[in-house]
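Structural description and commentary
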Amino acid sequence: MKIILLGAPFSGKGTLARNIVKDFDIVQISTGDLFRENIKNGTEVGKLAKSYMDKGELVPDEVTIKMLAERIEKDDCKKGFILDGFPRSVNQAIALKDITDIDAVIELDVPLDEIRRRCVGRRICSKCGEIYNTSSYDKTICAKCGSPLFQRDDDNLETINLRLEVYEKQTAPLINFYAEKLFVVQGSEKGPEETYNKVKNFLKGLK
Ligand code: AMP
């Protein structure tokens, strides 16, 4: 199964993707995570990506598409994957058509005010990647594995407003681009479990 997850920053794509991975035996590919890994390893791609990420802008297509295409080639993608954060523009979606076919596109729809609220409080486990929010979990270590939590450099109000602008301009048009394969789910009404149950039922119907 090959799935794309669409949604503004803080719509809950990461959490949803991790639930899907557990139940459907596919891998999650997050281009944001791939860039952050490159930054950590001090690669050329990482250096270039950081200059865009710090401003909340998109990393240029030629770098992003090549990185994604190489990732999809790997053996662990054979059973399927969920793309989280790619494509982020119609141009990337067109390029993706030449790389692979896609079975479904899920859009997580969350009001902008809620997104801004989530941004400031997000904390991530440095080891297992578990995501928390200070509004409901105000500790500095992960409840699951005990590792320290960290805040991403780009998780601040100034950058989130820029990222939301970029999303509206460049990524939101994908909702029309993928209209035939699109499943829209409200990401804020009844919490992540309810959201995931709706998506799970949809994906079971696809199998
Ligand atoms: P994310 O972790 O998905 O919120 O991505 C963090 C940042 O990485 C974005 O604000 C962009 O600067 C960059 N990025 C991630 N995915 C892409 C993509 N598909 N195209 C261009 N830039 C991306």
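Structure: see above.
Sequence order as written defines the numbering, with residues in each chain counted from 1. This being a predicted model, a pLDDT of at least 70 is required before a residue's local features are given, and a value of 80 or more before pairs of side-chain atoms are given or counted; all residues contribute to the totals for chains, interfaces and linings. Note: side-chain values were computed over all heavy atoms of the structure, leaving out hydrogens and water.

**Quick notes on the nonpolar core**
Applied cut-off: The nonpolar core is taken to be a set of buried Ala, Val, Leu, Ile, Met, Phe, Trp, Tyr and Cys residues, with the residues joined through side-chain atoms within 4.5 Å. Here's how the labels work: a residue is buried when its accessible area is under 20% of the maximum for its type, exposed when over 50%, partly exposed in between, all with a 1.4 Å probe on protein chains only. Only DSSP runs of H or I with at least four residues qualify as helices, and only runs of E with at least two residues qualify as strands; both kinds are numbered from the N terminus onward. Any two residues having at least one pair of non-hydrogen atoms within 4.5 Å are treated as being in contact.
Counting 25 residues, the largest nonpolar core has Ile4, Ile29, Phe81, Leu83 and Leu96 as the members making the most contacts within it. The set of elements that each furnish at least two residues to this core consists of β1 (2-6), β2 (27-30), α2 (31-40), α3 (44-53), α4 (61-72), β3 (81-84) and α5 (90-99). Per-element accounting of this core gives the leading share, five residues, to α4. Beyond its immediate chain neighbours, meaning those up to four positions away, Ile4 contacts Leu83, Phe86, Pro87, Leu96, Ile102, Ala104, Val105, Ile106 and Tyr178. Counting residues in hydrophobic clusters, the runner-up holds 14 residues, among them Ala17, Ile26, Ile82 and Val199.

**Some thoughts on the sheet that holds β2**
Note the following rule: Only strands that DSSP links by at least two bridges are regarded as paired with each other. Comment: axis = line fitted to C-alpha atoms, over the contacting stretch for helices; angle = value between 0 and 180 degrees taken between N-to-C directions.
Strand order in the open sheet formed by five strands is β2-β3-β1-β4-β8, and the pairing between neighbours is parallel. At either end of the open sheet lies a strand with only one pairing partner, and these are β2 and β8 (182-186). The sheet shows a mean angle of 20° between the axes of neighbouring strands, direction not considered. Examined bridge by bridge, β2 and β3 share four bridges and lie parallel to one another. Of the residues in β3, the one forming a bridge with Gln28 is Ile82. Where α2 meets the sheet, its contacts fall on β2 and β3, and the angle it forms with β2 comes to roughly 70°.

**Observations regarding the site of the ligand**
What counts, and what does not: Being near a molecule or strand, for a residue, comes down to having at least one heavy atom within 4 Å of it. What qualifies as a polar contact is a pair of N or O atoms within 3.5 Å, subject to a donor-acceptor requirement within protein and to the restriction that residues adjacent in sequence count only when both atoms come from side chains. Throughout, the Shrake-Rupley method with a 1.4 Å probe supplies accessible areas, and for residues the shown protein chains are the sole cover considered. Each residue gets one label: Ala, Val, Leu, Ile, Met, Phe, Trp, Tyr, Cys and Pro are nonpolar, Asp, Glu, Lys and Arg are charged, and the others, such as Gly, are polar.
The immediate surroundings of the ligand are formed by 16 residues, with Thr31, Arg36, Glu57, Gly85 and Gln92 found nearest. Arg36 has a polar side-chain atom sitting 2.9 Å from an oxygen atom of the ligand. Protein contact buries 96% of the 480 Å² of open area that the ligand shows by itself. At four residues, the largest contribution of residues to the shell around the ligand is made by α2. For the shell around the ligand, the class distribution of residues is five nonpolar, five polar and six charged.

**Some words on the pairing of strand β5 (residues 122-125)**
Every regular strand shows the same layout, with side chains that alternate between the two sheet faces. Relative to strand β6 (residues 131-133), β5 runs antiparallel, the two sharing three bridges. Its bridge partner being in β6, Arg123 is matched across the sheet by Tyr132. Between β5 and the antiparallel strand that follows it, β6, lie five residues; Gly129 among them carries a positive phi value of about 85°. Pairing between β5 and strand β7 (residues 149-150): two bridges, direction antiparallel. Across the sheet, the residue bridging to Cys125 is Leu149, located in β7.

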